[in-house]
Amino acid sequence: MVFVLTVIGVIAATALAIVNSMTKEKIEYQYRLELLKALKVVLPEYDNSPDKDIKKIRDKTVFVAKKGGKVVGYAVKSVSEKGYGGSIVVLVGVNTSGKISGIEILKHAETPGLGSKIEEEWFKDEFKGLTLKDKIAVKKDGGVIDQFSGATISPRAVSEAAKNGLEFIVKNVLEGSK
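Residues numbered from 1 in each chain as written. Predicted model: local features only at pLDDT ≥ 70, side-chain atom pairs only at ≥ 80, totals over all residues. Heavy atoms only, no water.

Per an unreviewed UniProt entry, the recorded name for the protein chain is Ion-translocating oxidoreductase complex subunit G, and the organism is Deferribacter autotrophicus. Its UniProt record gives the protein chain the following Subunit (unreviewed entry) comment, quoted word for word: "The complex is composed of six subunits: RnfA, RnfB, RnfC, RnfD, RnfE and RnfG." As stated in UniProt under Function (unreviewed entry), the record for the protein chain gives "Part of a membrane-bound complex that couples electron transfer with translocation of ions across the membrane." (UniProt positions renumbered as here; feature names shortened; annotations may be inferred.)

Have a look at this one:
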């Protein structure tokens, strides 16, 4: 019985290893396409490959957007653990003057039809043009971001992630390069 289970285990492990090696490149390629799509949304117009033109600062990867060899913006992933359904991962784009050029929700587990409204364009557009001088929080907390009826937790978490991403870029990249 032990021998049979061992043989089955070895066969299963071998099959998984083969499937993994066959799909690894395709999965990485699809991940890159999704990242490029998100970068195109959050960054000013660029002509480089910001997913390859990166800076490692502390434990974060900063994506650098350039046009004609000149830096036009930066993007960083920012996470808030305060979402209703768990962590929310937001890609925050910032132009060289320290204004949010856009945000994109990369990952969340919010309630469909309620908290998932954080993916709607009108909501994401509220962050465009905001700086550290603005109160990046939901209106219920005295900020400038509209929350939606029945779901304040999700917009609050996105606001936190956007503010933290903006703050990271301004303090570690924009002010750090002066």
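From this point on, the discussion continues.
Asker: Looking at this model, I keep getting lost on a nonpolar patch on the surface. Mind explaining?
Answerer: On the surface, Met 1, Phe 3, Val 4, Leu 5, Val 7, Ile 8 and Ile 11 cluster together into a nonpolar patch covering about 790 Å² of accessible area. Structurally, the position occupied by Leu 5 is in helix 1 (residues 2-42). (Patch = residues over 30% accessible without salt bridge, like charges linked within 9 Å, V, L, I, M, F, W, Y side chains within 5 Å. Areas by Shrake-Rupley, 256 points an atom, 1.4 Å probe, with all protein chains shown as cover. Salt bridge = Lys/Arg side-chain N within 4 Å of Asp/Glu carboxyl O. Helix = DSSP H or I, 4+ residues; strand = E, 2+ residues; numbered from the N terminus.)

Asker: Help me out: how do you make sense of the UniProt feature "domain: FMN-binding" (unreviewed entry) in the protein chain in this one?
Answerer: Mapped onto this numbering, the UniProt entry annotates "domain: FMN-binding" (unreviewed entry) at residues 83-169. Helix makes up 25% of residues 83-169 and strand 22%. Its end C-alpha atoms lie 22 Å apart.

Asker: Explain the UniProt feature "modified residue: FMN phosphoryl threonine" (unreviewed entry) in the protein chain to me, please; I cannot follow it from the model alone.
Answerer: The UniProt feature table records "modified residue: FMN phosphoryl threonine" (unreviewed entry) at Thr 152. Tracing the chain through its elements places Thr 152 in the loop between helix 2 (121-125) and helix 3 (153-174). Leaving out residues up to four positions away in the same chain, Thr 152 has contacts with Val 138, Lys 140 and Gln 147. (Contact = heavy atoms within 4.5 Å.)

Asker: What is the right way to read the side chain of Thr 131 from this model?
Answerer: Mapped onto the secondary structure, Thr 131 falls in the loop between helix 2 and helix 3. If near-sequence neighbours (up to four positions away) are discounted, Thr 131 is found in contact with Gly 98, Lys 99, Ile 136 and Leu 166.

Asker: Please explain helix 1 as it appears in this structure.
Answerer: Structurally, the α-helix is built with 3.6 residues per turn, so residues lying three or four positions apart point the same way. Taking 1.5 Å per residue as the helical rise, helix 1 with its 41 residues ought to reach 60 Å, and the 55 Å between its terminal C-alpha atoms agrees with that figure. For helix 1, the principal kink sits at Thr 23 and spans about 40°. Those residues of helix 1 not exposed but buried are Leu 35, Ala 38, Leu 39 and Val 42. (Expected span 1.5 Å × (residues − 1). Bend = angle between axes of the 7 residues up to and from the residue. Buried < 20%, exposed > 50% of the residue type's maximum accessible area, 1.4 Å probe, protein only.)

Asker: How should I be thinking about the packing of aromatic side chains in this particular structure?
Answerer: For the structure on display, the rule yields two aromatic pairs. Taken together, a centroid distance of 5.9 Å and an interplanar angle of 80° make the contact between Trp 122 and Phe 123 edge-to-face. Since its relative accessible area comes to 39%, Trp 122 is described here as partly exposed. Pairing Phe 123 with Phe 127 gives two aromatic rings, centres 5.5 Å apart and planes at 80°, and the pair type is edge-to-face. Looking at Phe 123, the relative accessible area reads 0%, which means it is buried. Phe 127 sits in the buried class, given a relative accessible area of 0%. Counting every residue linked through ring pairs, the aromatic cluster contains Trp 122, Phe 123 and Phe 127. Here Lys 40 stacks its cationic end above the ring of Tyr 46, 5.0 Å away from the centre of that ring. (Phe/Tyr/Trp six-rings, centres within 6.5 Å; stacked < 30°, edge-to-face > 60°. Lys NZ or Arg CZ within 6 Å of the ring centre and 35° of its normal.)

Asker: Sorry, what's going on with the nonpolar core here?
Answerer: In globular proteins that are soluble, nonpolar side chains generally tend to be buried together. Counting 30 residues, the largest nonpolar core has Val 90, Ile 100, Ile 103, Phe 127 and Val 158 as the members making the most contacts within it. Secondary structure elements with two or more residues in this core: strand 2 (60-67), strand 3 (70-83), strand 4 (86-95), strand 5 (100-107) and helix 3. The element that contributes the greatest number of residues to this core is helix 3, accounting for 10 residues. The contact partners of Val 90, leaving out residues within four places of it in the chain, are Val 76, Lys 77, Ser 78, Ile 103, Glu 104, Ile 105, Val 158 and Ala 161. (Core = buried A, V, L, I, M, F, W, Y, C linked by side-chain atoms within 4.5 Å.)

Asker: Looking at this structure, how should I read the sheet that holds strand 3?
Answerer: Strand pairing in a sheet takes place through backbone hydrogen bonds and is either antiparallel or parallel in direction. Reading across from one edge, 1-2-3-4-5 is the order of the five strands in this open sheet, with antiparallel pairing throughout. Since the sheet does not close on itself, it has two edges, and those belong to strand 1 (54-57) and strand 5, each with one partner. Going from strand to strand, the sheet's axes swing by 25° on average, the running direction of each strand aside. As paired strands, strand 1 and strand 2 are joined by four bridges and run antiparallel to one another. What sits directly across from Ile 57, in strand 2, is Lys 60. On top of the sheet, helix 1 reaches strand 2, strand 3, strand 4 and strand 5; it is set at about 150° to strand 5, its chief contact. (Pairing = 2+ DSSP bridges. Axes fitted to C-alpha atoms, helices over the stretch in contact; angles between N-to-C directions.)

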